[in-house]
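Spelled out from the first residue to the last, the chains are:
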Amino acid sequence: MGRLIAETGNYAISVDREDSRLYVTLRGFWLDPFMTPDYVEDIRLATESLVSPFTSLVDVREMRTPGHLVRDLHIEAQKVTVAAGLTRSAEVFPKGISKELEFESYSVESKIVRRGFKSIEEAEKWLDQPDCSAPQSI
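Treat the numbers as computed from the prediction; the structure is a model and nothing was measured.

### Overview of the sheet that holds strand 4 (residues 54–63)
At step 1: Pairing in this open sheet of six strands is mixed, and the strands run 1-2-3-4-5-6 from one edge to the other. The open sheet is flanked by strand 1 (3–7) and strand 6 (114–117), the only strands paired with a single partner. Sheet twist, expressed as the average angle between the axes of neighbouring strands with direction ignored, equals 15°.
At step 2: Sheet strands in contact with helix 1 (residues 39–48) are strand 1, strand 2 (11–16), strand 3 (21–28) and strand 4, and its direction is about 10° off that of strand 2.

Rendered as structure tokens:
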């Protein structure tokens, strides 16, 4: 998946400069922003490694539905990516709907173009298409 930018017990962030893609894996339960104090800055560092426009693949299969206190943290991170040149984001969810609905609500505020998937392979295929900007969900 390219070059690792940051990894903690709660997330891993890497970039693939060749594919112009940001990879984010979210893990565990994020109760409050103090659990991930460097998350937005790590996202910012990762976007500085990419050339605009770029895409992102966000894997949330290992994350529990986040606490309401981290809503602004996720929205801020998404706004950072949009400002840096993100054109679309594929988000991979496990079975179940609560997490996807939560992340969909973040995208409304951050203006991120996103689509939800059940597998990494489906997400990558969608991101590799030349024009897949229509937001959709699984």
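Resuming the write-up.
### Section: helix 4 (residues 120–128)
At step 1: Residues of helix 4 that are buried: A123, E124, W126 and L127. An end-on view of helix 4 places all buried positions within 160° of arc, on one side of the element. Facing away from the buried side of helix 4 by over 90 degrees, the exposed positions are E121, K125 and D128.
At step 2: Against the buried residues of helix 4 lie strand 3, strand 4, strand 5 (86–92) and strand 6.

### Notes on the packing of aromatic side chains
At step 1: By the definition in use, this model includes four aromatic pairs.
At step 2: Ring geometry for Y11 and Y39: centres 5.0 Å apart, planes at 65°, overall edge-to-face. Of this pair, Y11 sits in strand 2 while Y39 sits in helix 1, and the two are 28 residues apart along the sequence. Judged on exposure class, the residue Y11 and its partner Y39 are both buried.
At step 3: For the ring pair F117 and W126, a centre distance of 5.5 Å and an interplane angle of 45° mean the geometry is tilted. Accessibility assignment for this pair places F117 and W126 in one class, buried.
At step 4: Among the aromatic residues, those joined into a ring-pair cluster are Y11, W30 and Y39.
At step 5: Above the face of the F29 ring, R64 is positioned so that its terminal group lies 4.5 Å from the ring centre.

What counts and how
- Residues numbered from 1 in each chain as written.
- Predicted model: local features only at pLDDT ≥ 70, side-chain atom pairs only at ≥ 80, totals over all residues.
- Heavy atoms only, no water.
- Pairing = 2+ DSSP bridges.
- Helix = DSSP H or I, 4+ residues; strand = E, 2+ residues; numbered from the N terminus.
- Axes fitted to C-alpha atoms, helices over the stretch in contact; angles between N-to-C directions.
- Contact = heavy atoms within 4.5 Å.
- Buried < 20%, exposed > 50% of the residue type's maximum accessible area, 1.4 Å probe, protein only.
- Arc of directions from axis to C-beta.
- Phe/Tyr/Trp six-rings, centres within 6.5 Å; stacked < 30°, edge-to-face > 60°.
- Lys NZ or Arg CZ within 6 Å of the ring centre and 35° of its normal.

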